[in-house]
Amino acid sequence: MSAATPLLNYINGTWCASAADCLPVINPATLDPLGQVPLSMAEEVDAAVQAGQAAFPGWRRIPPTDRVRYLFHLRQLLEQDREAIAHIITQECGKTLAESRGELQRAIENVEVACGIPMLMQGYNSEDIARGIDETMIRQPLGVTAIIAPFNFPGMIPFWFLPYAIACGNTCVIKPSEKVPLTMQRIMGLIHQLDLPPGVVNLVHGAKDAVDALLDHPLVRAISFVGSSPVARYVYSRAAAAGKRAQCQGGAKNPVIVLPDADMDMTTRIMADSAFGCAGQRCLAASIAITVGQAKDHFTEAIASVAENRKVGYGLEEGVQMGTVISAQSKLRIEALIQQGADEGAKILIDGRRPQIPGYEQGHFIRPTILQDLDPSSDLARTEIFGPVLSLIHLDTIEEAIALINRGQYGNMACLFTSSGAAARQFRYEAEAGNIGINIGVAAPMAFFPFSGWKDSFFGDLHGQGQHAVEFFTQTKVVIERWPQEWSRRF
């Protein structure tokens, strides 16, 4: 497809041209045009939802053992097309090719877990709750569900939801980020090869108007969203007001505690990958390192050296360790926040602003940046930067560090580096975050665990992935029945 040709929606098993205006899709490293994404109108969203609604009665009646056969096939197609999809992710998202490959692996793992739906969505029963009366709980699908995906993991995050939704018997409408629509366009081509019943999976491109149309549509039963916390709150509030189920993953300000007894060399390498991987554009990126006691000097010197020497460039080139941020607007915002940290008293130990990357001087690059001695009470200590910026704070005890973590508004991830089992247990028990890492820099749950999140990092009750996803995409029905030869009576 030419970069000048608008992308197509996928509705009711057919590729459809949109009548809406388009936005350009730009490679953030080279600024080359990659495509045109349509800003689909409410009528086009309605067509996708209506297709899902029409497909639902027939799809839910297909036995789950047969529904997962489509997922087995999808897994095979994703494996075969993995390299091509990874290249698309890098081109439109800016991350390194290795990061894109890893993202696709996580997507495939969720498909594999969802293939267990015949067991995962089983109910339970109890016989003779009274004489001759039995009680059963069964799980049934909801209907039409919608996925509103972010820009930072265009190949992985839709798969926190999609395979579980359709395996449970629901139909689905996917709205990818208008910044990175090419990845899901490619994946939808694979889904088209599955020969699913028309309408089971639909794709609609667009921006806020398309999101609002999904939130307000009376036939959409459930919304799955990942994005910033302000938008997650908005999506959750509007969806809930319309009577829908909603699982809305928000932003984060992920803290990591480094104790003096940690393996400093390994801690430094892991922390650099956490803070600067994907250019810091992930909701599990380490953004604050809290050194305790004598850990300060060694860790500060080591992380500064690693940050300064990290190779930044175009993600498709060999040896590149960090790519771009997503847009010129993001770059300006991140650079402004770095300056805000300096204005609030932090020392810019490593300054990654306005780098010159040979051959890509116009790209949206920021090098790894370290702010030393950030004031824990400053505004920046509470602001999600969503870029390759690590702030350093020093405290005297682990108790002070945990207290600082628990005062934060976010609760997506918190990590601890130590060789003390007692300290690890204290931290695991007391830290108020949904994903906890012990000597782990990115506490990303495997596909068979929920992607947890607390406080302003998550709005809802059931998260993506694993058993939480199965519960979210099904509703329970309790059946109490009696088929007596003689009526029960009291004795």
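Rules behind the numbers
- Residues numbered from 1 in each chain as written.
- Predicted model: local features only at pLDDT ≥ 70, side-chain atom pairs only at ≥ 80, totals over all residues.
- Heavy atoms only, no water.
- Axes fitted to C-alpha atoms, helices over the stretch in contact; angles between N-to-C directions.
- Helix = DSSP H or I, 4+ residues; strand = E, 2+ residues; numbered from the N terminus.
- Parallel < 35°, antiparallel > 145°, perpendicular 65-115°, else oblique.
- Left-handed = near helix turned anticlockwise from the far one by under 90°.
- Contact = heavy atoms within 4.5 Å.
- Nonpolar A, V, L, I, M, F, W, Y, C, P; charged D, E, K, R; others polar.
- Buried < 20%, exposed > 50% of the residue type's maximum accessible area, 1.4 Å probe, protein only.
- Pairing = 2+ DSSP bridges.
- Right-handed = clockwise from strand over helix to strand, strands pointing away.
- Salt bridge = Lys/Arg side-chain N within 4 Å of Asp/Glu carboxyl O.
- Phe/Tyr/Trp six-rings, centres within 6.5 Å; stacked < 30°, edge-to-face > 60°.

1. Some words on the packing of helix α1 (residues 42–61) against helix α8 (residues 208–216)
Taken N-terminus to C-terminus, the directions of α1 and α8 make an angle of 45 degrees; their axes are 9 Å apart at the nearest point. Taken together, the axes of α1 and α8 lie oblique to each other. You can see that α1 and α8 cross each other, and the crossing is right-handed. Of the residues in α8, those in contact with Ala42, Val45 and Val49 of α1 are Ala210, Ala213 and Leu214. Per-class residue counts for the contact of α1 with α8 are 6 nonpolar, no polar and no charged.

2. Points about the pairing of strand β12 (residues 254–258)
Burial of β12 is extensive: 5 of the 5 residues sit out of reach of the surface. The two faces of β12 match: Asn254, Val256 and Val258 on one face and Pro255 and Ile257 on the other face are all buried. In terms of strand pairing, β12 meets strand β13 (residues 286–292) through 5 bridges, oriented parallel. Residue pairing for β13: Val256 is matched across the bridge by Ala289. Each parallel crossover has a hand, and the one from β12 via helix α10 (residues 264–276) to β13 is right-handed. Inspection of the sheet shows β12 paired to strand β18 (residues 413–417) by 3 bridges, in the parallel sense. Residue pairing across strands places Ile257 opposite Leu416, the latter belonging to β18.

3. Quick look at the sheet that holds strand β22 (residues 474–482)
With respect to topology, 3 strands assemble into an open sheet ordered β5-β6-β22, the strand pairing being antiparallel. Each of the sheet's edge strands pairs with one partner strand only, and the pair in question is β5 (124–130) and β22. Here the strands of the sheet are splayed against their neighbours by 25 degrees on average, with no regard to which way each runs. Where strand β6 (residues 133–141) meets β22, 9 bridges bridge the pair, whose relative direction is antiparallel. Of the residues in β22, the one forming a bridge with Arg139 is Thr476.

4. Considering unusual backbone geometry
Phi is positive for Arg354, close to 50 degrees, though the residue is something other than glycine. Inspection of the secondary structure puts Arg354 in the loop between β14 (347–350) and β15 (369–372). When its relative accessible area of 57% is taken as the criterion, Arg354 is described as exposed. Phi is positive for Asn439, which is not a glycine, with a value near 55 degrees. Mapped onto the fold, Asn439 is located in the loop between β19 (435–438) and β20 (454–455).

5. Here's the deal with the side chain of Arg310
With respect to the helices and strands, Arg310 occurs in the loop between α11 (295–309) and α12 (328–343). Arg310 has contacts with Ala272, Asp273, Phe276, Gln321, Met322, Arg367 and Pro368, leaving out every residue within four places of it along the chain.

6. Let's talk about the sheet that holds β15
With respect to topology, 7 strands assemble into an open sheet ordered β14-β15-β16-β13-β12-β18-β19, the strand pairing being mixed. Bordering the open sheet on either side are β14 and β19, each of which pairs with just one other strand. Ignoring which end each strand starts from, the neighbouring axes of this sheet average 25 degrees apart. Examined bridge by bridge, β13 and strand β16 (residues 389–395) share 5 bridges and lie parallel to one another. The residue bridging Ile288 from the neighbouring strand is Ser391, located in β16.

7. Some details on the pattern of salt bridges
On inspection of all chains with the given rule, the structure shows 18 salt bridges. Across the pair Arg106 and Glu109 runs a salt bridge, and its minimum N-O distance is 3.7 Å. With Arg106 and Glu109 both in helix α4 (residues 97–114) and 3 residues apart, the pair spans about one turn of that helix. We note a salt bridge from Asp379 to Arg382, for which the minimum N-O separation is 2.6 Å. A relative accessible area of 40% places Arg382 in the partly exposed class.

8. Quick word on the environment of Arg482
Summarising the element assignment, Arg482 is placed in strand β22. With 456 residues separating them along the chain, Arg482 and Ile26 place their C-alpha atoms 64 Å apart.

9. What about the packing of aromatic side chains?
Throughout the structure, instances matching the rule amount to 10 aromatic pairs. Plain terms: the ring middles of Tyr360 and Phe365 are 6.5 Å apart, the flat faces sit at 55 degrees to each other, and that makes the pair tilted. You can call Phe365 buried: its relative accessible area is 1%. Aromatic rings pair up to connect Trp160, Phe161 and Phe451 into one cluster.

10. Observations regarding the pairing of β16
The buried fraction of β16 amounts to 6 of the 7 residues, a majority that puts the element mostly inside the structure. With 3 bridges connecting them, β15 and β16 associate as parallel partners. Bridge pairing links Leu371 to Ser391 in β16.

The analysis is restricted to geometry; functional conclusions fall outside its scope.
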